[in-house]
Amino acid sequence: MTGGMLYVLLNHSPRNTAWRSAYRLWNISSTFFRQTEENLPKQVDDLGSQFTEIFIKQQENVTLLLTLVEEFDFHVRWPGVKLLTSLLKQQGPQVQQIILVSPMGVSRLMDLLADSREVIRNDGVLLLQQLTKSNAAIQKIVAFENAFERLLDIITEEGNSDGGIVVEDCLLLLQNLLKNNNSNQNFFKEGSYIQRMKPWFEVGDDNCGWSAQKVTNLHLMLQLVRVLVSPTNPPGATSSCQKAMFHCGLLQQLCMILMATGVPADILTETINTVSEVIRGCQMNQDYFASVNAPSNPPRPAIVVLLMSMVNERQPFVLRCAVLYCFQCFLYKNQKGQGEIVSTLLPSTIDATGNSVSAGQLLCGGLFSTDSLSNWCAAVALAHALQENATLKEQLLRVQLATSIGNPPVSLLQQCTNILSQGDKIDRRGSKVQTRVGLLMLLCTWLSNCSIAVTHFLHNPANVPFLTGQIAENLGEEEQLVQGLCALLLGISIYYNDNSLENYRKEKLKQLIEKRIGRENFIEKLGFISKHELYSRAAQKPQPSFSSPDHMMFDHEFTKLVKELEGVISKAIYKSSEEDKKEEEVKKTLEQHDNIVTHYKKVIREQDQELEELKQRINTLTSQNEQLQATVTQQVSQIQQHKDQYNLLKVQLGKDTQHHNSHSDTFQMNGIQTEEVSKLKEELEEWKNKHELLQGQLWEKDSVIEKLKSSQLEMGTTEQSSQTSRSGGLEHNNELQKELEMLRSQIQLQSAEISKLQIENQKLQVMSTTADHVLGDSSARAANNSELEGQLEQEIKELKSEVKVLSEEKESLKQHLDSSSSTVAILQDEKSKLQQEVAESKKEQDDLLVLLADQDQKLSALKMKLKDLGVPVEDEDDIESGDQGDEDEDGDEEEQD
C-alpha cells in the first residue's frame, strides 16, 4: 500500500491526487507512531517499529521518500519530511545507512534549511537532528554541506538567545555535529564560526525575569562552547579553540556574565563550568582570568569572589562544585598562578591591615571550618596549588597559623595533622570521613616527591604512631577508605624518605610496619583506595560531578597520583636494607652522571650561543663591507664626474681667454669701454661661481673619505672585540686589507686631482692679473672701474686662502693613510690569534664528545645493574615519549576546560 502511494506521488499524478496520497501515507504512519509515543496498550511488538521495519525492508521506499522530499509543493514535501523524521526516530541506524548509500541522499535533505517556508525549514532541522545522531560520516557530510553557516544564520534571524524553540533545535543540531567529531570541530574553527558565537552571550544590565526558553537557549549555547574545548578533545584542537575564543572576545563576554548580577543560578553554574574549560591549560586565558575583577567596592579579583562562594555552606552544592572545578582549571599547568595563590599564605605577603581577603586566607578558613564539604573543597584546592611544583611545597612549610590567643603559632602542616588526629572529637556538619579524606589527600600530594616535607612530617613524633594505629585497626566499611589513605601517606613517607632523621629511617619504618601491621595487611589496606567505587568515578573525567555531597570523596588528579605511587610503594615495602643501599648508591651515581652530562650540555649550549653571536657579527661586518663597497663605487663615479667637469672648464677657459684678448684690441680701437668692462665683470663672476662649485665638491669628497676612514677604524675595533670568531672572521680580515689598499689608491688619485685644481687656480690668478691690466688701461676713461678692481682683488685673495686650505687637507689625508696602514698590521696580528683559538676550540669539542661517549657507556652499565637488581628502569626515549603523551593528554583536558 505504501509503495503504491509513493508511486502515485512520483508519477506526476494530478495535484489533488498527489497531496491526498501524501497526507494519507503520513496519517497512517503517524497513527502507529502516536500509539508508541502515548504508551497505549502494546502488542508483542509496538506498531511504530513494525511499520518502520516493513517500510524500510525495501530500500526503494526510502529512496522514493527522499525524492518526495525534493518536491517544492508544500502538501507533498512537508508530509514527506514528517514521515522520514518518524522513521529515523524508530529505526535510526538502519534508515541512516539507507540514506547514506542513496545517491545525494544527505545533500537533498540539506535543501530543507534553505526553504523559505518556516514550517518546512523548522521540521527540516528536526529531521537533521535525528539523521546526525551517533553517525560521524553523516555528520561530516552535513557539516561540509554548509550546515554551520545556515544554522548560525537561522539563530541570528531568530534573535540569538532571545529566540524561541527554533533556536533550541538549531543548537541541538550543532551539538550533534560537533560533539566527539574532531573533523567538524576543526572545520568549525577554521571557518571562523567561533567569532559568530560572541553575540549569543551579550547580556544587558537588567537580568531579571528571564524566560524559560531564554534560559534553555543560553544553557545550550554554553554547552556548545564546552564541546569545542572539552578535555576529551585532542590537545591541539582544544588549544586552538581556546586561543580563538580569547582573541574574538568570547572569553571576556563569558567573564562578564560570570560577574553580572541577576543571572539565574543554573546559568551561572554552567557559565563557571564553561569558563573553566576555556582557560584550562591555556596560559594566555589563565592570565586574563587572573586579571578579572568583580564590580564591587573596592574591586576584588574574580578568583577571590568565587572562592568565597565555594567555602560558603549556604551556596548550592552544584555551584560550589563548579567553583572548585574553575579553581582547578585555573591552576592546571599554571605555575605562575600556583605561585600567586601560595604567596598569599606566606608571612611576607599577608595583608596586615585586614582590609582585604586573599585566596590563601579563604582556603585556610575553609580548611579549618566546621563544614566538612568546605574542608574537602579547600583541601583539594590547596592540593592543586601544589600539584607538580616541588618549590611551592617547600615554601608552604613556612606558613604559620595562629590557633588561639596566647598560644604560639603552629605550621600549616602541623595543624592539618592535628585536625586529622582529633578525628571524631570535633563536631562537624556533614560527613566526618569526608574531612579526613580531604586532609589525607592534601598531605599525600604535599609530601609526594618532596623529601623536605617528609622530614617535617616525620619530625612530629605523634604522626607515625597515629598512622600505624589507624591502619592496624579493624574498622567499618566507611573507615576502610581512611585506612587506605593512611597507608598511602605512610608509604610516601618511606619512599621519599632521605634518612635524615635517625629514628625514622626507611629501614626502621619498614620494621615498624612489619611488627604492628604486617606487610600483607599493609598492602591490602593500600589497595582499598583503587578498589573503591567513588575512586573509579573520579578517575573518569576532571570535572567533579557528584550526585550528593556524601559522594564527594576523590579528586581526579589525586587518582593519577595513587595510580603512580601504589606500585612503587608496594615494591619499596618488600625491599631489604641492602637493596635500598644499593639502590641509593645507584641513584647517587646516576645523579652524578646526570650532573656531569648536564654540565657538558650546558657548556655545549654556551658554545652554540657564542657561535651564533659570532655568526651575527660576521653578518654585520659583511653588511658593513657591502655598504663600504657601494660607497667606494659612488666615490669613483663622483670622481669621474669631477674629471669630466674639469675638462669642460679647461675648454671653456681657453675659449674665454682668446675672446678677452680680441675684445681688448677692439676695445682700445673703438672706445667701447663700458660694455667690455661689464662683460669682463660677468665673466669673472662666472669663474667665481665655478670655483665655489669645485670647492664644494672637493669638500664633499673629503668628507666621504673621512667617513670611509672612520668606518674602517670601527671595523677594526669590531674585529678586536670578536677574538673568538671562527674562519669566517679570518677571511673578512683579508677583505678589509684589500679594501684599505683600494682606499689608499683612491686617496692618492684624489690628491693628484687636488694638485691639478691648484694648478687651475694658479691659471685663474694669471687670468685675473691680465684682467687687472685691461682694467688699468680703462680706468682713466671710467670712474666705476676702480670699484671693480677692488672686488677682483678680494676674490683673488679668497681663492688663495682656499688653495691653502686644500693643501692642509691634503696633508691630513696623508696622515690618515699612515694610521690605516697601522690598523692593517693590527688586523694581521688578530688573524693569527684567531687561528690559534679555532684550533683550541676544536680540541675542546673533541674532548667533550669523548667524555659524553664514556658517560653513556657508564649509564648503560648502571642501568643493566639496576635491571639485574629488579629495579624498573626506563629508557630516556621511553620517558620522553611518555612525558610527551602525558603533556598532550593534560593539554587536551585543559583546553577543553
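Residues numbered from 1 in each chain as written. Predicted model: local features only at pLDDT ≥ 70, side-chain atom pairs only at ≥ 80, totals over all residues. Heavy atoms only, no water.

Side note on the overall build of the protein chain
Next, step 1: Counting its secondary structure elements, the protein chain contains 37 helices and 4 strands.
Next, step 2: Looking at the protein chain residue by residue over its 897 residues, the buried ones come to 47%.
Next, step 3: In the protein chain, the proportion of contacts linking residues at least 24 apart, taken out of those at least 6 apart, comes to 75%. (Helix = DSSP H or I, 4+ residues; strand = E, 2+ residues; numbered from the N terminus. Buried < 20%, exposed > 50% of the residue type's maximum accessible area, 1.4 Å probe, protein only. Contact = heavy atoms within 4.5 Å.)

Examining the packing of helix α15 (residues 265-279) against helix α18 (residues 317-331)
Next, step 1: Two numbers describe how α15 lies on α18: the axes approach to 8 Å, and their chain directions differ by 15 degrees. One way to sum up the angle between α15 and α18 is to call them roughly parallel. Crossing angle aside, the handedness with which α15 passes α18 is left-handed. Judged by residue contacts, Leu 268, Thr 269, Ile 272, Asn 273, Ser 276, Glu 277 and Ile 279 of α15 engage Val 318, Leu 319, Ala 322, Val 323, Tyr 325, Cys 326, Cys 329 and Phe 330 from α18.
Next, step 2: Within the contact of α15 with α18, the residues separate by chemical class into 11 nonpolar, 3 polar and 1 charged. (Axes fitted to C-alpha atoms, helices over the stretch in contact; angles between N-to-C directions. Parallel < 35°, antiparallel > 145°, perpendicular 65-115°, else oblique. Left-handed = near helix turned anticlockwise from the far one by under 90°. Nonpolar A, V, L, I, M, F, W, Y, C, P; charged D, E, K, R; others polar.)

Some points on helix α11 (residues 182-190)
Residue pairs three or four apart in sequence face the same way in an α-helix, which turns once every 3.6 residues.
Next, step 1: Listed in full, the buried residues belonging to α11 are Asn 184, Gln 185, Phe 188 and Lys 189. For α11, the angular spread of buried residues about the axis comes to 135 degrees, placing them on one side.
Next, step 2: Buried residues belonging to α11 abut α9 (136-157), α10 (165-178), α12 (212-228) and α13 (235-247).
Next, step 3: Phi turns positive, to about 60 degrees, at Ser 192, one or two residues after α11. (Arc of directions from axis to C-beta.)

Concerning the confidence of the model for the protein chain
Next, step 1: A residue-level look at the protein chain finds 71% of positions with pLDDT of 70 or above and a mean pLDDT of 79.
Next, step 2: Contacts from residues 35-45, a stretch scored under 50 in pLDDT, to residues over four places away or in other chains number 7 contacts.
Next, step 3: Taken together, the stretch residues 771-783 has pLDDT below 50 and engages in 22 contacts with residues farther than four places along the chain or on a different chain. (pLDDT = per-residue confidence, 0-100.)

Quick word on the packing of aromatic side chains
What characterises a pair of aromatic rings is the spacing of the ring centres plus the angle enclosed by the ring planes.
Next, step 1: One pass over the full model with this rule turns up 13 aromatic pairs.
Next, step 2: Seen from their ring centres, Phe 148 and Phe 188 are 5.0 Å apart, and the 85 degrees between their planes marks the pair as edge-to-face. On the criterion of sequence distance, the pair formed by Phe 148 in helix α9 and Phe 188 in helix α11 is long-range, its members being 40 residues apart.
Next, step 3: Each residue in the set Phe 144, Phe 148, Phe 187, Phe 188 and Tyr 193 is aromatic and connected to the rest through ring pairs, giving one cluster.
Next, step 4: The cationic tip of Arg 280 hangs over the ring face of Tyr 332; the distance from NZ or CZ to the ring centre is 3.9 Å. (Phe/Tyr/Trp six-rings, centres within 6.5 Å; stacked < 30°, edge-to-face > 60°. Lys NZ or Arg CZ within 6 Å of the ring centre and 35° of its normal.)

So, the state of the cysteines
Next, step 1: Applying the stated rule across the entire model yields 0 disulfides.
Next, step 2: With no disulfide partner, Cys 486 has as its closest neighbouring cysteine sulfur the one in Cys 444, 8.4 Å distant. (Disulfide = S-S within 2.5 Å.)

Section: the nonpolar core
Next, step 1: One finds Ile 99, Leu 109, Trp 200, Phe 201, Phe 289, Leu 488 and Phe 554 to be the most contacted residues of the largest nonpolar core, which totals 182 residues.
Next, step 2: In terms of residues, this core owes the most to one element, α18, which gives 12 residues.
Next, step 3: Ranked by size, the runner-up nonpolar core spans 6 residues in total, among them Leu 590, Leu 859, Leu 866 and Val 871. (Core = buried A, V, L, I, M, F, W, Y, C linked by side-chain atoms within 4.5 Å.)

Some points on the packing of helix α26 (residues 463-472) against helix α27 (residues 477-495)
Next, step 1: The interhelical angle for the contact between α26 and α27, taken along N-to-C directions, is 140 degrees, at an axis separation of 9 Å. Judged on the interaxial angle alone, α27 and α26 are oblique. You can see that α26 and α27 cross each other, and the crossing is left-handed. Within the contact between the two elements, α26 uses Leu 467, Thr 468, Gln 470 and Ile 471 and α27 uses Val 482, Gln 483, Cys 486, Ala 487, Leu 489 and Leu 490.
Next, step 2: Along the lines of polarity and charge, the residues of the contact of α26 with α27 split into 7 nonpolar, 3 polar and no charged.

With respect to unusual backbone geometry
Next, step 1: For the bond from Asn 297 to Pro 298, the omega torsion is -5 degrees, close enough to zero to count as cis.
Next, step 2: Positive phi outside glycine occurs at Ser 192, with the angle close to 60 degrees.
Next, step 3: On the secondary structure map, Ser 192 appears in the loop between α11 and α12.
Next, step 4: The phi dihedral of Asn 449 falls on the positive side, at around 60 degrees, and the residue is not glycine.

Some remarks on the pattern of salt bridges
Close approach of charged atoms allows side chains with opposite charge to pair.
Next, step 1: Under the counting rule described, the total for this entry stands at 18 salt bridges.
Next, step 2: Note that Lys 189 and Glu 190 form a salt bridge whose closest N and O atoms lie 2.7 Å from each other.
Next, step 3: When the shortest N-O distance is used, the salt bridge between Arg 436 and Glu 479 registers 3.2 Å. One end of the pair, Arg 436, is in helix α24 (residues 432-447); the other, Glu 479, is in helix α27, with 43 residues separating them in the sequence. (Salt bridge = Lys/Arg side-chain N within 4 Å of Asp/Glu carboxyl O.)

Focus on the environment of Pro 295
Next, step 1: You can see Pro 295 is positioned in the loop between β1 (293-294) and β2 (300-301).
Next, step 2: Note on Pro 295: relative accessible area 69%, which makes it exposed.
Next, step 3: Separated by 34 residues in the primary sequence, Pro 295 and Thr 261 place their C-alpha atoms 9.6 Å from one another.

Considerations on the environment of Met 221
Next, step 1: With respect to the helices and strands, Met 221 occurs in helix α12.
Next, step 2: The class for Met 221 is buried, based on a relative accessible area of 0%.
Next, step 3: For the pair formed by Met 221 and Phe 201, sequence separation is 20 residues and the distance between their alpha carbons is 8.4 Å.
Next, step 4: Apart from the residues within four sequence positions on either side, Met 221 is in contact with Ile 155, Asn 160, Ser 161, Val 167, Leu 171, Trp 200 and Phe 201.

Regarding α18
Next, step 1: For α18, with 15 residues, the first-to-last C-alpha span of 22 Å sits near the 21 Å given by 1.5 Å per residue.
Next, step 2: Counting buried positions along α18 yields 14 of 15 residues, so the element is predominantly enclosed.
Next, step 3: Phi for Lys 333, located one or two positions after α18, is positive at around 55 degrees. (Expected span 1.5 Å × (residues − 1).)

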